[in-house]
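# Structure at a glance
Listed below, chain by chain, are the residues.
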Protein chains: 4
Amino acid sequence: MSNTIGNHLRLTTFGESHGAAVGGILDGCPAGIAVDEQLIANEMERRHDGGYATSRREPDVVEILSGTYQGLTLGTPIAFIVRNSDTRSEDYSELAGLYRPGHADFTYDRRYGLRDPRGGGRASGRETAARVAAGAIAKMILNQSGISVKATVAESATPSDNDSCGGIVECTVSGLKAGYGNPVFDKLNARLAAAAMSIPSAIGFEMGAGFEAARMTGSQYRDLWGDGFTTQTNHCGGIQGGISNGMPIVFRVAFHPPVTINQPTVCIDRDGKLHSWIPQGRHDRCHIDRTVVVVEAMAALTVADYIV
Amino acid sequence: MSNTIGNHLRLTTFGESHGAAVGGILDGCPAGIAVDEQLIANEMERRHDGGYATSRREPDVVEILSGTYQGLTLGTPIAFIVRNSDTRSEDYSELAGLYRPGHADFTYDRRYGLRDPRGGGRASGRETAARVAAGAIAKMILNQSGISVKATVAESATPSDNDSCGGIVECTVSGLKAGYGNPVFDKLNARLAAAAMSIPSAIGFEMGAGFEAARMTGSQYRDLWGDGFTTQTNHCGGIQGGISNGMPIVFRVAFHPPVTINQPTVCIDRDGKLHSWIPQGRHDRCHIDRTVVVVEAMAALTVADYIV
Amino acid sequence: MSNTIGNHLRLTTFGESHGAAVGGILDGCPAGIAVDEQLIANEMERRHDGGYATSRREPDVVEILSGTYQGLTLGTPIAFIVRNSDTRSEDYSELAGLYRPGHADFTYDRRYGLRDPRGGGRASGRETAARVAAGAIAKMILNQSGISVKATVAESATPSDNDSCGGIVECTVSGLKAGYGNPVFDKLNARLAAAAMSIPSAIGFEMGAGFEAARMTGSQYRDLWGDGFTTQTNHCGGIQGGISNGMPIVFRVAFHPPVTINQPTVCIDRDGKLHSWIPQGRHDRCHIDRTVVVVEAMAALTVADYIV
Amino acid sequence: MSNTIGNHLRLTTFGESHGAAVGGILDGCPAGIAVDEQLIANEMERRHDGGYATSRREPDVVEILSGTYQGLTLGTPIAFIVRNSDTRSEDYSELAGLYRPGHADFTYDRRYGLRDPRGGGRASGRETAARVAAGAIAKMILNQSGISVKATVAESATPSDNDSCGGIVECTVSGLKAGYGNPVFDKLNARLAAAAMSIPSAIGFEMGAGFEAARMTGSQYRDLWGDGFTTQTNHCGGIQGGISNGMPIVFRVAFHPPVTINQPTVCIDRDGKLHSWIPQGRHDRCHIDRTVVVVEAMAALTVADYIV
């Protein structure tokens, strides 16, 4: 189930960074949803651009292969692909036998016994293109129910010249009525946590008051009733017992900085021997801006899974 | 799938706080594991006791109904029940028509249209008894592979007399070799996040350096190679690309304080009318000590799911 | 997922023939269904009795442990157990090291490395008690939508004195409107086939005209339109493209005869050595009558899974 | 889960008959399998040709988009597409508002509220191209374990000029050792039944002696032990208690004849009004020969799911 997320609205993705394409199949989308191809293109553009993004230029055109007819979804699986147009595999040849520090080179090799060394393979941030394309469709589903998803950069830094920085993204889901979610293991907050933490570089997740809530007293924390089933505060982030309470769903995701920077470092080979390495080519110094739309996509897919 | 967790080692739990019993079925446990009933009893005791726990006294005896023969697991489902011996439903009669602040009374009612008002029903912390019993079996599986799980209270406070407090639990999984986990959505860290955030009162989750990692530079954060495929630091918490790297798995879970305290407050009824309410009876002022074993249980179940 | 069936209405069962109990957890049952305990008792009685059943007499009392309150389902998991009251494990001691012909003794041992030799363990027909109890609840769900399930013995024989016989059960689901089912792999007929073939001793499954349809021409087979979206014939058994067409769902399940009969035979031991064996004690000569309610239960659970 | 099959080796397919492409994602394939593209092409050719197949000529070229590197599988999802090159949508315009007899036009419309009327859309036999491509990869996995899958036409007829015929396919899986399968619901035979019955036009399934077993006595049916854990007969079809016993797995699948033939018939419209209709264009008179490789593919996928 590794590459699938969702119970009712199920996204399965595929693709290596420098293979032929990345993409996915979104199964369980309700029939009759108008497919807004411009929205998909806009979301792909939001993912692509960003303050300190790499110079790799790919158009990231999403081709839909199935599941729609005359502009409407059919209820059948929506397959989509994004061709990898700018793949220069020769850039990566020297790394084929080395494990970079902080990357998944070593862990993939231990897991599978072999790997695609070009650009991180399956473990590249390139796979988020499929998340964003599917997330755009999830937003169309949510829009029909008056639900919107909006994330912003809550915290970040300016990366120094030869270094990188991470940051925190805050996401709000508005318009979700009370009563969505499930008890015990399939809690809406648990599912949001898994969805967010599955994003490359995610390292922390919190709902509402989050880690600060651990330092509050009960009298400070508890969300007292206001008017019309609203609450006066929203420390819990809109979810109680795993089920939405009608207040906005609010969560934050922390991302660690990119680990490959323009500074000499040391790789290790299969035999455990260390090799000095000077990273070359393009490397994001900060991709927090590009991550915002990915967080939105995962939130949209997660919430839509309870709606369809 | 609401009450089931795991892909290969699958736990399905049941039970309302004041119903006949809580319990579960653990499916997918390997055959031939020696069942250490004393360990189960000890773990139940760890969950039961705690610094500021309620006075509700239940023996919490776990009865195993299936899946074992002559002290060994059979590979078939292990069903277990914990009878609810100390159920005083009259305590809760006045709350049948009211939604307490900060509890799941309202959200369950919106989700299902009716609920068991006695002691929180399915949304009670009572359901963690089933997690702990199953977690004990998961630990027996892990022990066979030399893997141990140990959590501690990383941060807490002393609750004031009529108030409550939360805290932070840190958990370490030691002995897990490199190569466990999966790419993209089924990442080990994503699964740990979901497992932890499904615990009642959990409000935040972070791996390794966590939220602090968002404020580091890449040169500070990146875990450089040390000897023998270890890393000099463990900011990532032992997981790269969703797959274990052989370093200890380290994560923290933040818990908000109990929301029902011995202070007057206001409930709301089905018609949206507010009612003053003075909580009576037993209420934990702090259950962070009792939560430690629950965190361990969820970690053990999650990791064992990749081992079996 | 071995012991779980269903996507939305999910039944997980447990229990060895001579362990403490058999039972299960039914998750996903809608809230607000009136639980008819008499219907459950009646269904258990239908399973228990039968023309040539064994003399093993157990009351088969179903105890519901969770998921109901004041006679209504809560939407939370319904756990139920049936104690094994008449377990005489000494009857089976001689068989502990032997594999009987036609039974699962050998295959379980190869699968798990060990097994519970008492009465077939998990592979006993005893496990169908959990199917029938859960099937009774599924029927309550279906009844609310005007759907009924009725099976009969379509074909059987009179077993000779020291021999056994099988038979064919035909099942009809009435009242299911058009539009239930799913494309491709999750077809209603595919799911019915899996559910039926999972019953102990099931050896064949067919929809509508079944194997005879393979010998018809298209002009004979095709179900021509009648009035009001009905069809003049129902050779397809009420399903097209995996989705119900509003006609009755009709299928048949073939069951092979019981393989243990009162005649001398030969067992094999772990070392491959043959041993003569004269079966003693109770053995069904024909359990086709008892199987009818099990077929109904599996049909009810399968159809209800698409309804909830 | 509609368009996904398998627990460990999971195939998700997509595609309408006259959309851009059909294809799928095969997740869970072990790493390091040599991809034999010629075998895939051969299997596609076996599916494409057949005694009385339609004149629709498509090359059915399978393009693999991910999951392989330098000719080996990576353990990551293998996505593949087959472009629909010969789509003449104008052929189907007159049918947009009509439901043909015996097809899924009506049921899809009831299920989804709209449909792609071109060539049956998702309900076309065209979707089996994805099954066959994935099945070819499953065969590569099985080959590594010495397991082979071979199906033949067991029974068929010669279609008369303006009529059609069905038939029966028998499939044998050789080389599967004892001990594969699972108890109760996830039985190997139950999973084979679901896989086979999900093939378009499948109407019956039986293991080993099948429906004839229902007419045998126990002394005739029971498979007595032979040498070396073999059995003297194989009436059960190689599976006991849902688990392989080391004998060949043998099953048969019955297929009804194609329902659209070159004879006048009557369609129904959305308002329930009948319209006479003379089918034109290409229609298979018998596709039993083409179905053989599809049955093999489903068997290979099902068995491989227990192997990976």
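Here goes a summary of the coordinates provided.

Assigned secondary structure in chain A consists of 6 helices and 16 strands. In summary, chain A has a C-alpha radius of gyration of 20 Å against a globular reference of 19 Å for 308 residues, a match within 12%. On the principal axes, the C-alpha backbone points of chain A span a range of 65 × 55 × 35 Å. Across the 308 residues in chain A, those meeting the buried criterion constitute 66%. Here chain A displays about 9,900 Å² of accessible surface, and carbon together with sulfur accounts for 46% of that area. Averaging the positions of the 28 positive and the 33 negative side-chain charges in chain A gives two centres separated by 3 Å.

Another point: the sheet that holds strand E15 (residues 265-269) of chain A. By way of backbone hydrogen bonds, the strands of a sheet pair with one another, either parallel or antiparallel. Residues and elements named next belong to chain A. Strand order across the open sheet formed by 3 strands is E8-E15-E16, with antiparallel pairing between neighbours. The strands lining the two open edges of the sheet, one partner per strand, are strand E8 (98-99) and strand E16 (274-277). The pairing of E8 with E15 spans 2 bridges and is antiparallel. Note on E15: the bridge partner recorded for Leu 98 is Asp 269.

Taken as rigid bodies, chain B and chain A are interconverted by a rotation of 180 degrees and an axial shift of 0.0 Å, the fit giving an RMSD of 0.0 Å. With respect to symmetry, the two chain copies, as superposed, fit the operation of a two-fold axis. An overlap of 100% is found between the interface residues of chain B and their copies at the interface of chain A, pointing to a shared contact surface.

The next subject is the sheet that holds strand E7 (residues 78-83) of chain B. All names here are of chain B. Read from one edge to the other, the open sheet built from 5 strands follows the order E1-E2-E3-E7-E4, with strand pairing classed as antiparallel. Every other strand in the sheet has two partners, leaving strand E1 (4-5) and strand E4 (62-64) as the edge strands with one partner each. Here E1 pairs with strand E2 (residues 10-14) via 2 bridges, running antiparallel. Along E2, the bridge assignment pairs Thr 4 with Thr 12.

Glancing now at unusual backbone geometry. Residue Val184(C) is not a glycine yet carries a positive backbone phi of 65 degrees. Here Ser201(D), not a glycine, exhibits a phi torsion of approximately 80 degrees, which is positive. Looking at the secondary structure, you find Ser201(D) in the loop between helix H4 (188-197) and strand E11 (202-207). A residue is classified by how much of its surface remains accessible, and Ser201(D), at 18% relative accessible area, is buried.

This part is about the nonpolar core. If you look at the biggest cluster of nonpolar residues, it comprises 154 residues, and the most contacted ones within it are Phe205(C), Phe251(C), Phe205(D) and Phe251(D). Counting residues in hydrophobic clusters, the runner-up holds 153 residues, among them Ala130(A), Ala130(B), Ala136(B) and Leu192(B).

To continue, consider the interface of chain B and chain A. In this assembly, 95 residues from chain B lie in contact with 95 residues from chain A. Counting each side, the surface lost to burial between chain B and chain A is near 7,400 Å², with a carbon and sulfur contribution of 65%. Two residues, Glu155(B) and Arg215(A), come together in a salt bridge whose shortest N-O distance is 2.5 Å. Partitioned by chemical class, the residues of the side of chain B that touches chain A number 46 nonpolar, 31 polar and 18 charged.

Along the polypeptide, Ser198(D) turns up in the loop between H4 and E11. Ser198(D) sits in the buried class, given a relative accessible area of 0%. Each residue touching Ser198(D), except ones within four places of it in the same chain, is listed here: Val184(C), Phe185(C), Lys187(C), Ala190(C), Arg131(D) and Met298(D).

Turning next to the packing of helix H4 (residues 188-197) of chain A against helix H4 (residues 188-197) of chain B. Running from N to C, H4(A) and H4(B) cross one another at 160 degrees; their axes reach a closest spacing of 8 Å. Considering their axes alone, H4(A) and H4(B) lie roughly antiparallel with respect to each other. Seen along the crossing, H4(A) lies across H4(B) with a hand that is right-handed. On H4(B), the residues touching Asn189(A), Ala190(A), Ala193(A), Ala194(A) and Met197(A) of H4(A) are Asn189(B), Ala190(B), Ala193(B), Ala194(B) and Met197(B). In terms of residue class, the contact of H4(A) with H4(B) is built from 8 nonpolar, 2 polar and no charged.

Turning our eyes to something else, we now look at the environment of Val173(B). Residue and element names in this part refer to chain B. In this structure, Val 173 sits in strand E10 (residues 167-174). In sequence terms Val 173 and Val 250 are 77 residues apart; their C-alpha atoms lie 6.6 Å from each other. For Val 173, the contacting residues outside a window of four places in its chain are Ile 147, Ser 148, Val 149, Pro 248, Ile 249, Ala 299 and Val 303.

This model, assessed by the stated rule, comprises 26 aromatic pairs over all chains. Arranged with centres 6.5 Å apart and planes meeting at 55 degrees, the rings of Tyr99(A) and Phe229(B) form a pair that is tilted. Placement of Tyr99(A) in strand E8 and of Phe229(B) in the loop between helix H5 (218-221) and strand E12 (239-240) is noted, with the two residues assigned to different chains. Considered together, Tyr99(A) and Phe229(B) belong to a single accessibility category, that of buried residues. Geometrically, the ring pair formed by Trp225(C) and Phe229(C) is edge-to-face, given 6.5 Å between the ring centres and 85 degrees between the ring planes. Note on Phe229(C): relative accessible area 17%, which makes it buried. A network of ring pairs unites the aromatic residues Tyr99(A), Phe106(A), Trp225(B) and Phe229(B) as a single cluster. Note that Arg110(B) overlies the ring of Phe229(A), its terminal NZ or CZ placed 4.8 Å from the centroid.

Quick notes on the rules
- Residues numbered from 1 in each chain as written.
- Chains lettered and ligands numbered in written order.
- Predicted model: local features only at pLDDT ≥ 70, side-chain atom pairs only at ≥ 80, totals over all residues.
- Heavy atoms only, no water.
- Helix = DSSP H or I, 4+ residues; strand = E, 2+ residues; numbered from the N terminus.
- Rg over C-alpha atoms; globule rule 2.2 N^0.38 Å.
- Buried < 20%, exposed > 50% of the residue type's maximum accessible area, 1.4 Å probe, protein only.
- Areas by Shrake-Rupley, 256 points an atom, 1.4 Å probe, with all protein chains shown as cover.
- Lys, Arg positive; Asp, Glu negative; His and termini not counted.
- Charge placed at Lys NZ, Arg CZ, Asp CG, Glu CD.
- Pairing = 2+ DSSP bridges.
- Least-squares fit on C-alpha atoms with pLDDT ≥ 70 in both.
- Contact = heavy atoms within 4.5 Å.
- Core = buried A, V, L, I, M, F, W, Y, C linked by side-chain atoms within 4.5 Å.
- Buried area = accessible area lost by both parts, 1.4 Å probe.
- Salt bridge = Lys/Arg side-chain N within 4 Å of Asp/Glu carboxyl O.
- Nonpolar A, V, L, I, M, F, W, Y, C, P; charged D, E, K, R; others polar.
- Axes fitted to C-alpha atoms, helices over the stretch in contact; angles between N-to-C directions.
- Parallel < 35°, antiparallel > 145°, perpendicular 65-115°, else oblique.
- Left-handed = near helix turned anticlockwise from the far one by under 90°.
- Phe/Tyr/Trp six-rings, centres within 6.5 Å; stacked < 30°, edge-to-face > 60°.
- Lys NZ or Arg CZ within 6 Å of the ring centre and 35° of its normal.

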